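Here is what each chain is made of, one letter per residue.
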Amino acid sequence: MSTPIVIHHLSPTGGRRVTIRGQIAGLAHDDQDVVEFLRRAGLPRGAALDRPEWVQWRGGRAHTYAAA
């Protein structure tokens, strides 16, 4: 089974696209945005951003949202 939450590579203008169960949740500019997307999707607060069974960070360092 794949991870339910994917935080994609950095956008050239900053932020990262977030998908939850294959659906686009939005563009996150910080971890609080991701937490809000998870809340809206009905996922438990225990879906920690550093747990690889829940979250896959793609292209770039985890918890980094600013464009280079």
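A brief look at the structure comes next. Just so we're clear, the structure is a prediction, and the values are computed from it rather than from any experiment.

Another aspect to go through is the sheet that holds strand β3 (residues 23–28). Here four strands make up an open sheet; going across it, the order is β3-β2-β1-β4 and the pairing mixed. Each edge of the open sheet is held by one strand with a lone partner, namely β3 and β4 (55–57). Along the sheet, successive strands turn relative to each other by an average axial angle of 20°, direction set aside. As paired strands, strand β1 (residues 5–10) and strand β2 (residues 16–20) are joined by four bridges and run antiparallel to one another. When the sheet's bridge partners are listed, V6 is paired in β2 with T19. This element, helix α1 (residues 31–40), spans β1, β2, β3 and β4 of the sheet and lies at about 155° to β3.

A few words now on the environment of R40. With respect to the helices and strands, R40 occurs in helix α1. Through-space distance from the C-alpha of R40 to that of A25 is 8.8 Å; in sequence the pair is 15 residues apart.

Here β2 pairs with β3 via five bridges, running antiparallel. Directly across from T19, in β3, lies its bridge partner I24.

Below, the discussion takes up the nonpolar core. Within the largest apolar cluster, 13 residues are counted, with the highest numbers of intra-cluster contacts made by I5, I7, V18, V34 and L38. Elements that contribute at least two residues to this core include exactly β1, β2, α1 and β4. At three residues, α1 tops the list of elements feeding residues into this core.

Another aspect to go through is the side chain of T19. By the element assignment, T19 lies in strand β2. When its relative accessible area of 9% is taken as the criterion, T19 is described as buried. Separated by 3.0 Å, the side chains of T19 and H8 make a polar contact. When neighbours within four sequence positions are excluded, T19 is seen to be in contact with P4, I5, V6, H8, I24 and A25.

With that out of the way, let us pick up the pattern of salt bridges. By the definition in use, this model includes three salt bridges. In this structure, R39 and E36 form a salt bridge, with 2.5 Å as the shortest nitrogen-oxygen distance. Taken as a pair, R39 and E36 lie in helix α1 at a separation of three residues, close to a single helical turn. The exposure class of R39 is exposed, given its relative accessible area of 52%. The partly exposed category is assigned to E36, whose relative accessible area is 25%. Put simply, R40 and E36 hold a salt bridge, and the shortest N to O gap is 3.0 Å. Residue R40 and its partner E36 are both found in helix α1; the two are separated by four residues, about one turn of the helix.

Definitions and limits used
Residues numbered from 1 in each chain as written. Predicted model: local features only at pLDDT ≥ 70, side-chain atom pairs only at ≥ 80, totals over all residues. Heavy atoms only, no water. Pairing = 2+ DSSP bridges. Helix = DSSP H or I, 4+ residues; strand = E, 2+ residues; numbered from the N terminus. Axes fitted to C-alpha atoms, helices over the stretch in contact; angles between N-to-C directions. Contact = heavy atoms within 4.5 Å. Core = buried A, V, L, I, M, F, W, Y, C linked by side-chain atoms within 4.5 Å. Buried < 20%, exposed > 50% of the residue type's maximum accessible area, 1.4 Å probe, protein only. Polar contact = N/O pair within 3.5 Å; in protein donor to acceptor, adjacent residues only side chain to side chain. Salt bridge = Lys/Arg side-chain N within 4 Å of Asp/Glu carboxyl O.

Nothing here speaks to function; it is geometry throughout.
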